[in-house]
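Chain and residue survey
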Amino acid sequence: MKVAVVGATGLVGSEILTVLSERNFPVTELIPVASERSKGKEIEFKGKKYKVVTPAEAIALRPDVALFSAGGGTSTEYAPQFAEAGITVVDNSSAWRMDPTKKLVVPEVNGDVLSATDKIIANPNCSTIQMVVVLQPLHAKYTIKRVVVSTYQSVTGTGVKAVNQLMDERAGKDGEKAYPYQIDLNVIPHIDVFQDNGYTKEEMKMIQETNKIMGDDSIRVTATTVRIPVMGGHSEAVNIEFENDFDLAEVRQILAAQEGVIVVDDPANLQYPMPKDAHGKDEVLVGRIRRDESQDKTLNLWVVADNLRKGAATNAVQIAELLLKRGLI
């Protein structure tokens, strides 16, 4: 297949190339795409070198699928142009996620909603993806009423500038800042811009996207999203209130059987998920599975995933794999 990666020189774009290679996606021709200033730069993929082209040049090359990771502005401008040319777009930005005419997809959760007419498919927010993979099988069994989530998010979720800020601060050097405050030896309870209701845009993404992906607006969600000085991997403390009571052993069985989930839950031997364990993995790790003793029918979980992989690149490639498997591209 002819595959375009739009934003190929960025953090997520580079990870998409890695995931395409590792998962042996049938790429017969790679079209790396970036802005005009990166045009002509060479990208290596599976031992071959490919020259970066502009979005307009990529459309003329007619790829079968285009994986976008170049930000909302680029997606808003170019995704419709790719789609009009008959190219299926999987977009990592927030541009199309809450558009009622676009599908928002996590393959393990709602991959069945995809059809041949979907030419722009939205990839959810990284924090939402790892949470709904865990929520879905529990909702099917016990019916979720309410979710309270607090996140502990890596600087890689912001991008290269944030990674550089953390490393500069750690080395005692001045440099370009991605955040309004020091991130090393600190946590910042502020991800994306604040909204009129006092929540940040990141928090509202988690709330709205969860309902859309799970196809159930009755699930009440509240979120607090926090940036921490970790290089890769997002963590979440998730509190889930159900309509029906549960058995902890059964909860562990359900989660262990869920595609894309690994249960790491052995407190006696200090086994629980940590960002360093999720690094480079496509699966979502879940542990600290315990009953909330302050309220009936309520469960506490600790959920960790590599935000550049399952939270972005891997999920996008999995959508492309599903489209291919079902003959939709």
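Reading guide: rules and limits
- Residues numbered from 1 in each chain as written.
- Predicted model: local features only at pLDDT ≥ 70, side-chain atom pairs only at ≥ 80, totals over all residues.
- Heavy atoms only, no water.
- UniProt positions renumbered as here; feature names shortened; annotations may be inferred.
- Phe/Tyr/Trp six-rings, centres within 6.5 Å; stacked < 30°, edge-to-face > 60°.
- Helix = DSSP H or I, 4+ residues; strand = E, 2+ residues; numbered from the N terminus.
- Buried < 20%, exposed > 50% of the residue type's maximum accessible area, 1.4 Å probe, protein only.
- Lys NZ or Arg CZ within 6 Å of the ring centre and 35° of its normal.
- Domains from an automatic or database assignment.
- Contact = heavy atoms within 4.5 Å.
- Salt bridge = Lys/Arg side-chain N within 4 Å of Asp/Glu carboxyl O.
- Polar contact = N/O pair within 3.5 Å; in protein donor to acceptor, adjacent residues only side chain to side chain.

- By the naming in an unreviewed UniProt entry, the protein goes by Aspartate-semialdehyde dehydrogenase and is assigned to Sphingobacterium corticibacterium.
- Within the UniProt record for the protein, the comment given under Catalytic activity (unreviewed entry) is "L-aspartate 4-semialdehyde + phosphate + NADP(+) = 4-phospho-L-aspartate + NADPH + H(+)".
- What UniProt records for the protein under Function (unreviewed entry) is the sentence "Catalyzes the NADPH-dependent formation of L-aspartate-semialdehyde (L-ASA) by the reductive dephosphorylation of L-aspartyl-4-phosphate."

Section: the packing of aromatic side chains
- Per the stated rule, a full pass over the model turns up 5 aromatic pairs.
- For the pair F68 and F82, a centre-to-centre distance of 5.1 Å together with 85° between the ring planes defines the contact as edge-to-face. Here F82 lies in helix α3 (residues 72-84) and F68 lies in strand β5 (residues 65-68), a separation of 14 residues in the sequence.
- For F68, a relative accessible area of 0% translates into the label buried.
- Put simply, the rings of Y142, F242 and F246 touch in pairs and so form one group of aromatic residues.
- For the cation-ring pair, R291 lies above F246, with the distance from its terminal atom to the ring centre recorded as 4.1 Å.

Examining the domain arrangement of the protein
- Here the domain parsing of the protein yields domain 1 (2-123 + 312-326) and domain 2 (127-154 + 187-305).
- Spacing between the C-alpha centres of domain 1 and domain 2 amounts to 27 Å.
- Between domain 1 and domain 2, the residue contacts involve 16 residues of the former and 14 residues of the latter.
- Summed over the shared surface of domain 1 and domain 2, the result is 2 salt bridges.
- We note a salt bridge from R23 to D282, for which the minimum N-O separation is 3.3 Å.
- Viewed at the interface, domain 2 and domain 1 are joined by 7 residue pairs in polar contact (both at pLDDT 80 or more).
- If you list the elements that add at least two residues to the side of domain 1 that touches domain 2, you get α4 (107-110) and α10 (309-325).

So, the environment of T222
- With respect to the helices and strands, the residue T222 is situated in strand β10 (residues 220-227).
- For the pair T222 and G198, spaced 24 residues apart in sequence, the C-alpha separation works out to 12 Å.
- Apart from residues no more than four positions distant in its own chain, T222 is found in contact with R146, V147, V148, V149, Y199 and I207.

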